[in-house]
Amino acid sequence: MSGPSLGGSLRILSFKGIGVHVHWTFLLLVGYVAVTTAASGAAVQEVLLQLAYVALVFACVVLHEYGHALTALRYGVRTRDITLLPIGGVASLERMPEEPAQEFWITVAGPLVNLVLAVLAGTLQWLLFGSLDVLDPRHGSALLPGLLAFLFSANLGLFLFNLLPAFPMDGGRILRALLGLRLPRVQATRIAAGIGRVLAVLFGIGGLSFGEPMLALIGVFIWFAAGAEARSVIQQTALRGITVAQVMRTRYWALPGEATVGRAVDELLAGGDQDLLVVEGGKPLGVVTRRQLMEALRARRDELPLRDVPPTPVRAAAPGAGAQEALQLLVLNRAPMLPVVDGGTVVGVLEPDNLAEFLQVQGLRAQRPGAA
Ligand SMILES: [Zn+2]
């Protein structure tokens, strides 16, 4: 999978500058496996073995995500990080190339890693033990054949599951990329999302009628992911050719670096925004958040100049830059706002909400009778 990165995670390793993070909800999976295994009357050793198997599956998921990330790197697209969730991994690509062929290869690389691992484990198992018995040590077979058989079936499972033609699975993106060879991206996404929804309903019905709550849950998950993907692509398309200057706010809250915390708090009470842009000599120095102001106030530092709070540095955008790229910069840097700088002077700010508002207004205008 690929998508935006999530907060609340711990970095466990890094390769080629791409860190692997474990999201805190992963602990729920570890807890669930441990408790259900222990509840079935298993010994401590067996519980640990089960957890080792969970770790093994997720090692394969990490390799899958690196398949996406390293292929993306070949096309010059960086990956911010890889996050492991209980439902799988997410590689946060800086952007997804709109070139269908590039998207196809980046997407297909993940499942291909699992296919290669399955073939390797299966071949080794076959050569060494002469059978592809899908027994694993959890069912009392010897360690090595069990391990190979487990790697074979786990990777085959990961390969097939990820090829389901529904967002956010890789299969959804592959389907969209294939449709995109003939159709505009928005239309390709709509069709792919529609197929995903049909699949989601089938999962839901299947899950309920066979009493498999996990299946139904995956169905719900796919249903919402389909809508989210369609919206994101429609938004991206709507923003194409739109510049930062068209979307930015020209009325915003800014103060010079020598202004004090006390003055900023007074202005905040009089109706300031969430975040304060600190400007020095016309240039953006950084952002001071409402929380930083409150902390300075609590520490009785009313007289502290804002430049010493200190403001968090933010990247700036040019008014002529593309709004879509600027939005990506905002999300990527987890910045509250992006100052827009023209000739060394701040002329406006861009916030995530501005883009949503702009699109809403544009949509309403387009719907008015007589609109072009
Ligand atoms: Zn994937």
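Note that the structure is a prediction, hence the values are computed from the model and not measured.

Engineer: Explain the sheet that holds strand 5 (residues 254–256) here, please?
Structural biologist: Strand pairing in a sheet takes place through backbone hydrogen bonds and is either antiparallel or parallel in direction. Spatially, the three strands line up as an open sheet ordered 5-6-7, and their pairing is mixed. Bordering the open sheet on either side are strand 5 and strand 7 (283–289), each of which pairs with just one other strand. Averaged over neighbouring strand pairs, the angle between their axes works out to 35° when direction is ignored. Pairing geometry for strand 5 and strand 6 (residues 275–280), over three bridges, is parallel.

Engineer: Would you mind showing me how to read the packing of helix 3 (residues 100–129) against helix 5 (residues 170–180) here?
Structural biologist: Think of two packed helices as two axes; the pair is described by the angle between the axes and how far apart they sit. At a minimum axis distance of 9 Å, the contact between helix 3 and helix 5 shows a crossing angle of 155°. Relative to helix 5, the element helix 3 lies roughly antiparallel. Here helix 3 and helix 5 pass one another in a crossing that is left-handed. In this structure, helix 3 uses P100, E103, F104, T107, V108, G110 and P111 to contact helix 5, whose residues at the interface are D170, R173, I174, A177 and G180. Considering only residue class, the contact of helix 3 with helix 5 consists of six nonpolar, three polar and three charged.

Engineer: I tried to follow the pairing of strand 2 (residues 18–23) on my own but got confused; where do I start?
Structural biologist: Here is the key point about a regular strand: its side chains alternate between the two faces of the sheet. Pairing analysis gives six bridges linking strand 1 (residues 9–15) to strand 2, with the strands arranged antiparallel. Its bridge partner being in strand 2, S9 is matched across the sheet by H23. Hairpin connection of strand 1 to strand 2: two residues between the antiparallel strands, including K16 at a positive phi of 55°. The pairing of strand 2 with strand 3 (residues 79–85) spans four bridges and is classified as parallel. Paired with V20 across the two strands is I82, which belongs to strand 3.

Engineer: Looking at this structure, I do not really get the confidence of the model for the protein. What am I missing?
Structural biologist: Caution is warranted with low-pLDDT regions, since their predicted coordinates should not be read in detail. The pLDDT averaged across the protein works out to 82; a share of 92% of its residues lies at or above 70. Ranking the elements of the protein by mean pLDDT puts helix 12 (residues 352–367) last, at 76, and helix 3 first, at 90.

Engineer: Looking at this model, I keep getting lost on the nonpolar core. Mind explaining?
Structural biologist: In globular proteins that are soluble, nonpolar side chains generally tend to be buried together. Core analysis: the largest hydrophobic core is formed by 49 residues, its most contacted members being L151, A166, F167, A200, I222 and A226. Tallying contributions element by element places helix 4 (residues 143–162) first for this core, with eight residues. V247, A264, L276 and V278 belong to the second-largest nonpolar core, a separate cluster that totals 30 residues.

Engineer: Hey, could you run me through the domain arrangement of the protein in this one?
Structural biologist: Bring the parts together and some accessible area is lost; that lost area is often taken as the interface size. Each assigned domain of the protein is listed with its residue range as follows: domain 1 (9–238) and domain 2 (244–367). Relative to domain 2, the C-alpha centre of domain 1 lies at a distance of 38 Å. Listed by partner, the interface residues are six residues for domain 1 and five residues for domain 2. Per-element accounting of the side of domain 1 that touches domain 2 gives the leading share, three residues, to helix 7 (residues 213–238). Classifying every residue of the side of domain 1 that touches domain 2 gives one nonpolar, two polar and three charged.

Engineer: What should I look at first to understand the pairing of strand 3 in this one?
Structural biologist: Burial analysis of strand 3 places six of its seven residues in the buried class, the great majority of the element. Where strand 3 meets strand 4 (residues 88–93), six bridges bridge the pair, whose relative direction is antiparallel. Within strand 4, the position partnered with D81 by the bridge is S92.

Engineer: I tried to follow the sheet that holds strand 3 on my own but got confused; where do I start?
Structural biologist: Here four strands make up an open sheet; going across it, the order is 1-2-3-4 and the pairing mixed. Two strands in the sheet have a free side with no partner beyond their single neighbour: strand 1 and strand 4. Averaged over all pairs of adjacent strands, the angle between their axes in this sheet comes to 25°, without regard to strand direction. Contacting strand 1, strand 2, strand 3 and strand 4, helix 2 (residues 44–74) runs over the sheet at an angle of about 20° to strand 4.

Engineer: I'm lost on helix 11 (residues 323–332) in this one. Help?
Structural biologist: Quick reminder: α-helices carry 3.6 residues per turn. Residues three or four places apart thus point the same way. Burial in helix 11 covers these residues: A323, Q324, A326, L327 and L330. The arc that holds every buried residue of helix 11, seen down its axis, measures 160°, which confines them to one face. Elements in contact with the buried residues of helix 11: helix 7, helix 8 (244–247), strand 8 (338–342), strand 9 (345–350) and helix 12. Just downstream of helix 11 lies R334, where phi reads positive at about 50°.

Engineer: For this particular structure, what's the right way to read the environment of G320?
Structural biologist: In this fold, G320 is placed in the loop between helix 10 (290–298) and helix 11. Between the C-alpha atom of G320 and that of T250, which follows or precedes it by 70 residues, the distance is 15 Å. Beyond its immediate stretch of four places on either side in the chain, G320 contacts T243 and A245.

Engineer: Looking at this structure, I do not really get the environment of A154. What am I missing?
Structural biologist: Note that A154 resides in helix 4. In this structure, the C-alpha to C-alpha distance between A154 and L117, residues 37 residues apart in sequence, is 9.5 Å.

Engineer: Sorry, what's going on with unusual backbone geometry here?
Structural biologist: With the exception of glycine, the majority of residues adopt a negative phi angle, and the majority of peptide bonds are in the trans configuration. Note that the residue after V309, namely P310, is joined by a cis bond; omega there is -5°. Position of P310 among the secondary structure elements: in the loop between helix 10 and helix 11. The backbone phi angle of K16 is positive, close to 55°, even though this residue is not glycine. Along the chain, K16 falls in the loop between strand 1 and strand 2. Of note in the backbone geometry, R300 takes a positive phi value of approximately 55° without being a glycine. As for its placement among the helices and strands, R300 is situated in the loop between helix 10 and helix 11.

Rules behind the numbers
- Residues numbered from 1 in each chain as written.
- Predicted model: local features only at pLDDT ≥ 70, side-chain atom pairs only at ≥ 80, totals over all residues.
- Pairing = 2+ DSSP bridges.
- Helix = DSSP H or I, 4+ residues; strand = E, 2+ residues; numbered from the N terminus.
- Axes fitted to C-alpha atoms, helices over the stretch in contact; angles between N-to-C directions.
- Parallel < 35°, antiparallel > 145°, perpendicular 65-115°, else oblique.
- Left-handed = near helix turned anticlockwise from the far one by under 90°.
- Contact = placed C-beta atoms within 7 Å.
- Nonpolar A, V, L, I, M, F, W, Y, C, P; charged D, E, K, R; others polar.
- pLDDT = per-residue confidence, 0-100.
- Core = buried A, V, L, I, M, F, W, Y, C linked by C-beta atoms within 7 Å.
- Buried ≥ 20, exposed ≤ 12 C-beta atoms within 10 Å, placed from the backbone.
- Domains from an automatic or database assignment.
- Arc of directions from axis to C-beta.

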